[in-house]
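Structural overview for review
Chain by chain, the residues run as shown.
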Amino acid sequence: MIVLIPLYAAFRKVPVYETFLSGAQEGFGTAINIIPHLVGMMVAISMFRASGAMDMLASLFEPLFHWLHIPAEVLPLGMLRPLTGAGSLAFTTELIKTYGPDSMIGRIASTIQGSTDTTLYVLTVYFGAVGIRRSRYALKVGLFSDMVGFAAAIMICLLVFG
Amino acid sequence: MVNWIWLFFIVASFIAAAVTGRMEALTEAAFDGAKSGVTVSFGLISVMVFWLGLMRIAEDARLLDRMAVLLQPVVRFLFPDVPRNHPALGYIMSNMSANILGLGNAATPMGIKAMQELQKLNPDKETASAAMCTLLALNTSSITLVPTTLIAIRMTYSSAHPAEIVGTTLAATLIATAAAIAADRWYRHRSGKPPQWKDIGGGSGGAGASGKHGGAGGYAAIANNTPGSGKGEAVV
């Protein structure tokens, strides 16, 4: 892909390097713009973990999750994912940092984070942009698909990496 | 909403730390968290810069438009109540292809343009139409080919196989999207017969020329101006 796309583009007479730079510039801006969001959320989540609050929350659901053979550590991620993109990204990072990217928890967290978008944010931006105030069943559909995605991510990871 | 979540984390941490006597660790964790926030963002730079650069080339070579054409039958199936030649469909296709490639910054403005076009067909301007709900469902669960952000974070924490989650993510995202579409269809049917759009000639004629195919020229321009947030970027 790294070779094919520029080759095809050159064939279509696109100035490949200059085009690359203009896109890259945007990527740089995006990565820099994330910093405040990520710092804010990482602080909160790192505190949440260090204080022992996370363990308390996880231990509440431990029996159910143990019974289902699911690591309870990923549960807060499932709750955060539809609500805040930066928050769930920070949480995923925290899990990857603590348990390692190649652990089962790290893999499951990566898959959950990558597989759906932040429902609440998308709803606010898209409907807000055109002045829709009554979203009817859209929120329910979004949250339902988040739940399905969460369960699917866990099951697929357990199957593939288990 | 985000404000409450953030406050909840901090207050709950404070209370839990008071109970368990980990006050010192709490302060340390706050600064440690800030530090990893920056570390992770810096880890993201390399992948984001490279990937978005590559994707801009794909965009300028009209690869996105080609993909949009492939999506045409899918979009027709998903939006039966939007007239065939309506500009909204073009924007929807562009929005979907940008999402698939993980170009959140390009997907959001395209999605908003599509919403604006759908709004023109909407009889009640304050209530979402069925087509709008479907577009939203597609975006909340959007299919992503390459989860670049996650790969970057896994690289930062020295994963042996940073990209091994591509397959599992794709499978999970497909299932989530299928669920979203199914639920959307179910609600659509439950809420009765979709309203028929009869009056489409006048309103959409002018817009058709500029936006019919989600035009590549306008596409790049809008993408540059609008800060967006997609799955890849995950900024809220």
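Residues numbered from 1 in each chain as written. Chains lettered and ligands numbered in written order. Predicted model: local features only at pLDDT ≥ 70, side-chain atom pairs only at ≥ 80, totals over all residues. Heavy atoms only, no water.

In the nomenclature of an unreviewed UniProt entry, chain B corresponds to Nucleoside recognition protein from the organism Paenibacillus oenotherae.

As annotated in an unreviewed UniProt entry, chain A is Spore maturation protein from Paenibacillus oenotherae.

**Regarding the UniProt feature "domain: Nucleoside transporter/FeoB GTPase Gate" (unreviewed entry) in chain B**
To keep things clear, this is the line we draw: UniProt positions are given in the numbering used here, feature names are shortened, and annotations may be inferred rather than shown by experiment. A run of DSSP states H or I qualifies as a helix once it reaches four residues; a run of E qualifies as a strand once it reaches two. Both are numbered from the N-terminal end.
UniProt's entry tags residues 43–150 of chain B with the feature "domain: Nucleoside transporter/FeoB GTPase Gate" (unreviewed entry), counted in the numbering of this structure. Structurally, residues 43–150 of chain B is divided into 73% helix and 0% strand, and its ends, taken at the C-alpha atoms, are 10 Å apart.

**Structural notes on the UniProt feature "domain: Nucleoside transporter/FeoB GTPase Gate" (unreviewed entry) in chain A**
Mapped onto this structure's residue numbering, the UniProt feature "domain: Nucleoside transporter/FeoB GTPase Gate" (unreviewed entry) falls at residues 32–132 of chain A. For residues 32–132 of chain A, the helix share is 78%, the strand share is 0%, and the end-to-end C-alpha distance is 31 Å.

**Things to note about the confidence of the model for chain B**
All names here are of chain B. Filter applied, for reference: Confidence scores here are pLDDT values: one per residue, from the predictor, ranging 0 to 100. Contact definition: two residues touch when any of their heavy atoms are within 4.5 Å.
Residue-level pLDDT values for chain B average 80, and 81% of them are 70 or greater. Confidence over residues 196–236 falls short of pLDDT 50; this stretch has 91 contacts with residues more than four positions distant or in other chains. Scoring the predicted complex yields pTM 0.80 and, for the interface, ipTM 0.86.

**Concerning the UniProt feature "transmembrane region" (unreviewed entry) in chain A**
Residues and elements named next belong to chain A. According to UniProt, the positions carrying the feature "transmembrane region" (unreviewed entry) are residues 28–48 and 141–161. Secondary structure content for residues 28–48 is 100% helix and 0% strand, and the end C-alpha separation is 30 Å. Along residues 141–161 the backbone is 100% helical and 0% strand, and the end-to-end C-alpha distance reaches 29 Å.

**A few points about the interface of chain A and chain B**
The test is simple: When two parts are brought into contact, each loses some accessible area as probed by a 1.4 Å sphere; the total of that loss over both is the buried area. Whenever a carboxyl oxygen of Asp or Glu lies within 4 Å of a side-chain nitrogen of Lys or Arg, that contact is scored as a salt bridge. What qualifies as a polar contact is a pair of N or O atoms within 3.5 Å, subject to a donor-acceptor requirement within protein and to the restriction that residues adjacent in sequence count only when both atoms come from side chains. Under the scheme applied here, ten amino acids are nonpolar (Ala, Val, Leu, Ile, Met, Phe, Trp, Tyr, Cys and Pro), four are charged (Asp, Glu, Lys and Arg), and all others, including Gly, are polar.
Contact with chain A, which involves 95 residues of that partner, is made by 105 residues of chain B. Here chain A and chain B share an interface that buries about 8600 Å² over both sides, 73% of which is from carbon and sulfur atoms. Area buried by chain A at its contact with chain B is led by Met47, Tyr126 and Tyr137 of chain A, which between them contribute 8% of it. Our count for the chain A to chain B interface comes out at 6 salt bridges. The salt bridge involving Asp102 of chain A is made with Arg154 of chain B; its shortest N-O contact spans 3.5 Å. Our enumeration of links across chain A and chain B arrives at 27 residue pairs in polar contact (both at pLDDT 80 or more). At the level of elements, helix H1 (4–11), helix H2 (16–50), helix H3 (53–67), helix H5 (85–99), helix H6 (104–115), helix H7 (119–130) and helix H8 (138–161) of chain A are the ones that each hand at least two residues to the side of chain A that touches chain B. Taken together, the residues of the side of chain A that touches chain B sort by class into 54 nonpolar, 28 polar and 13 charged.

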